[in-house]
Amino acid sequence: QLAKALHTCKLTFAWPPAIAEFITMLLPSPAEMGVPTAAAAYQQACQCRQDPRTFAWSHPIVYHAARETGFWRLQHGSEKNVWPAFEMSYRALMQRIAAGETLSIPDQILLEDKQSLSQSQRIQELSDQLNIDAGEFYYLTQPANSPLRQRLRQKLVAQHPELESNFPT
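Rules and cut-offs
Sequence order as written defines residue numbering, which begins from 1 separately in each chain. Since the coordinates come from a predicted model, pLDDT governs what is reported: local features require at least 70, and pairs of side-chain atoms require 80 or more to be given and counted, while whole-chain, interface and lining totals use all residues. Side-chain measures were taken over the full set of non-hydrogen atoms in the model, leaving aside hydrogen atoms and water. Cysteine sulfur atoms that come within 2.5 Å of each other are treated as a disulfide pair. Between buried and exposed lies partly exposed: a residue is buried under 20% and exposed over 50% of the maximum accessible area for its type, with that area taken using a 1.4 Å probe on protein chains only. For helices, the axis comes from a line fit to the C-alpha atoms of the stretch in contact; other axes are also lines fit to C-alpha atoms, and the angle between any two N-to-C directions lies between 0 and 180 degrees. Under the scheme used here, helices are H or I runs from DSSP no shorter than 4 residues and strands are E runs no shorter than 2 residues, and both carry numbers assigned from the N terminus. Here is the rule for angles: anything less than 35 degrees is roughly parallel, anything more than 145 is roughly antiparallel, 65 through 115 is roughly perpendicular, and the remaining ranges are oblique. Whether a crossing is left-handed or right-handed is set by the direction in which the near helix is turned from the far one by less than a right angle, anticlockwise for left-handed and clockwise for right-handed. Contacts are assigned to residue pairs that have any heavy atoms within 4.5 Å of one another. Residue types Ala, Val, Leu, Ile, Met, Phe, Trp, Tyr and Cys, when buried and joined through side-chain atoms within 4.5 Å, form a set referred to as a nonpolar core. Salt bridge, as used here: a side-chain nitrogen of Lys or Arg that lies within 4 Å of a carboxyl oxygen of Asp or Glu. A pair of aromatic rings is counted whenever rings of Phe, Tyr or Trp (Trp by its six-membered ring) have centres within 6.5 Å, and the orientation is called stacked for planes under 30 degrees apart, edge-to-face for over 60 and tilted otherwise.

**Student:** Explain the state of the cysteines residue by residue, including any values.
**Tutor:** Simply put, disulfide is the name for a covalent bond between the sulfur atoms of two cysteines. Tallied over the full model, the rule gives zero disulfides. The structure places no disulfide on Cys-46, whose sulfur is separated from the nearest cysteine sulfur, that of Cys-48, by 8.1 Å. Residue classification places Cys-46 among the buried positions, given a relative accessible area of 17%. Given the relative accessible area of 2%, Cys-48 is considered buried.

This is how it looks when you write it as structure tokens:
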């Protein structure tokens, strides 16, 4: 894998890649792993966002990346804001599969309750007030101490440092 990554670097980059780029090259390609590309998986996740319980998933990685990103977010967020989160989840899942983990789709798919009108209204009001895309506040819909919520909040605060002390964790 190392030799393949070095060869790919020689063909792809005019200078040495960043560490993150090189680590990505160490992973087998999606075709070698038998999974769709991240872009194809995102398109599929967007197609099934209405009712993931009845969707014919092409591979469990697509389901898990969509679930980690959030079906509600796939439905309501803009691609500009949702795609990076989906891609990050997808790449992490690819690393887990490359390490030998086997993913499966659960028999019972439970959807998160993100349709609460009052919660949606609060997020929309906050979005309008601060002139920030509502999808950026998706982290507020996640369970209080979930890693996804913490990552998304950190990302929001990194983009808008003035929000650091004014928003719940």
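**Student:** Tell me about the packing of helix α1 (residues 2–12) against helix α2 (residues 19–26), and please be specific about residues and values.
**Tutor:** One can describe the packing of α1 onto α2 by two numbers: an axis separation of 8 Å at closest approach and a directional angle of 125°. Looking at the two axes, α1 sits oblique to α2. Crossing hand, α1 versus α2: right-handed. Judged by residue contacts, Leu-2, Ala-5, Leu-6, Thr-8, Cys-9 and Thr-12 of α1 engage Phe-22, Met-25 and Leu-26 from α2.

**Student:** Account for the nonpolar core, with residues named and values stated.
**Tutor:** The biggest cluster of nonpolar side chains holds 23 residues, and the ones touching the most others in it are Val-35, Trp-57, Ile-61, Ala-66, Leu-74, Phe-86 and Tyr-90. At the level of secondary structure, the elements contributing two or more residues to this core comprise α4 (38–47), α5 (60–69), α6 (71–76) and α7 (79–98). Dropping the residues within four chain positions of it, Tyr-90 is found in contact with Val-35, Pro-36, Thr-37, Ala-38, Ala-41, Ile-61 and Ala-65. Counting 13 residues, the second largest nonpolar core, distinct from the first, contains Ile-132, Leu-140, Leu-148 and Leu-163.

**Student:** Got a sec to walk through the pattern of salt bridges? Specific residues and values, please.
**Tutor:** Within this structure, the stated rule accounts for four salt bridges. In this structure, Arg-91 and Glu-87 form a salt bridge, with 3.0 Å as the shortest nitrogen-oxygen distance. Remark: Glu-87 and Arg-91 occur in helix α7; sequence separation between them is four residues, near one turn of the helix. Across the pair Arg-96 and Glu-101 runs a salt bridge, and its minimum N-O distance is 2.7 Å. You can call Glu-101 partly exposed: its relative accessible area is 35%. Because the salt bridges share partners, they merge into one network encompassing Glu-68, Arg-96 and Glu-101.

**Student:** Tell me what's going on with the packing of aromatic side chains, and back it up with residues and numbers.
**Tutor:** Inspection of every chain in the model, using the stated rule, returns eight aromatic pairs. Consider the rings of Tyr-42 and Trp-83, whose centres lie 5.2 Å apart with planes at 75°: the pair is edge-to-face. Note that Tyr-42 is positioned in helix α4 and Trp-83 in helix α7, a separation of 41 residues in sequence. Residue class for Trp-83 comes out partly exposed when judged on its relative accessible area of 23%. Between Trp-83 and Phe-86, the aromatic rings sit 6.4 Å apart at their centres with planes inclined by 25°, giving stacked as the arrangement. With Trp-83 and Phe-86 both in helix α7 and three residues apart, the pair spans about one turn of that helix. Using a relative accessible area of 0% as the deciding quantity, one classes Phe-86 as buried. Pairwise contacts between aromatic rings join Tyr-42, Trp-83, Phe-86 and Tyr-90 into one cluster.

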